[in-house]
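Now for the letters of each chain:
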Amino acid sequence: VQLQASGGGLVQAGGSLRLSCAASGSFFSINAMGWYRQAPGNQRGLVATISEGDGTNYADSVKGRFTISRDSAKNTLYLQMNSLKPEDTAVYYCYARYTYLTIRNSWGQGTLVTVSS
């Protein structure tokens, strides 16, 4: 599976952005997808995940502000980010766990989100 993330950019604090991640390639099913982020000097960490049954999980720091969703027909993952804070500034990576002969993992190339104060 190849993942193409888009939607990053520069936004003022309190603003909103929506990230998208389109999956393509050969797979039987996508089991779970998610967003992770990495700020300069920090390790990559979980933002949100969504399961094949649309169960969601969020990092405490984004609960109530971010919403993860997926369009299975389009094999596309979304992250709606509202009430953005400067500390949300990071490169955001999409992730997929999928089945193609066996369980595999794939990462997108990342999209930069910069929140100015």
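Residues numbered from 1 in each chain as written. Predicted model: local features only at pLDDT ≥ 70, side-chain atom pairs only at ≥ 80, totals over all residues. Heavy atoms only, no water.

Details of the side chain of Thr76
(1) Moving on: Secondary-structure assignment places Thr76 in strand E8 (residues 76-81).
(2) Moving on: Its relative accessible area of 11% is what places Thr76 among the buried residues.
(3) Moving on: One polar contact links the side chain of Thr76 to the main-chain carbonyl oxygen of Lys74, over a distance of 3.0 Å.
(4) Moving on: Look past the residues within four positions of Thr76 in its chain and what remains in contact with it is Cys21, Ala22, Ser69, Arg70 and Asp71. (Helix = DSSP H or I, 4+ residues; strand = E, 2+ residues; numbered from the N terminus. Buried < 20%, exposed > 50% of the residue type's maximum accessible area, 1.4 Å probe, protein only. Polar contact = N/O pair within 3.5 Å; in protein donor to acceptor, adjacent residues only side chain to side chain. Contact = heavy atoms within 4.5 Å.)

A short note on the nonpolar core
(1) Moving on: Membership of the largest hydrophobic core comes to 30 residues, with the highest contact counts inside it found for Trp35, Leu79, Met81 and Tyr92.
(2) Moving on: Every element with two or more residues in this core is listed here: strand E1 (2-6), strand E3 (17-24), strand E4 (29-38), strand E5 (45-51), strand E7 (66-71), E8, strand E9 (90-100) and strand E11 (111-116).
(3) Moving on: Looking at this core element by element, the count peaks at five residues for E9.
(4) Moving on: If near-sequence neighbours (up to four positions away) are discounted, Met81 is found in contact with Gly15, Ser16, Leu17, Leu19, Arg65, Phe66, Tyr92 and Val113. (Core = buried A, V, L, I, M, F, W, Y, C linked by side-chain atoms within 4.5 Å.)

Observations regarding the packing of aromatic side chains
Pairs of aromatic rings are described using the distance from one ring centre to the other and the angle between the two planes.
(1) Moving on: Following the criterion strictly, the structure yields three aromatic pairs and no others.
(2) Moving on: Judged by centre distance (5.0 Å) and plane angle (50°), the rings of Tyr95 and Trp107 are tilted. Of the two residues, Tyr95 is situated in strand E9 and Trp107 in strand E10 (residues 102-107); the sequence distance between them amounts to twelve residues.
(3) Moving on: Trp107 sits in the partly exposed class, given a relative accessible area of 39%.
(4) Moving on: Pairwise contacts between aromatic rings join Tyr36, Tyr95 and Trp107 into one cluster.
(5) Moving on: Sitting over the face of the ring of Tyr93, Arg44 holds its NZ or CZ atom 3.7 Å from the ring centroid.
(6) Moving on: A cation over a ring is seen here: Arg44 above Trp107, with NZ or CZ 4.8 Å from the ring centre. (Phe/Tyr/Trp six-rings, centres within 6.5 Å; stacked < 30°, edge-to-face > 60°. Lys NZ or Arg CZ within 6 Å of the ring centre and 35° of its normal.)

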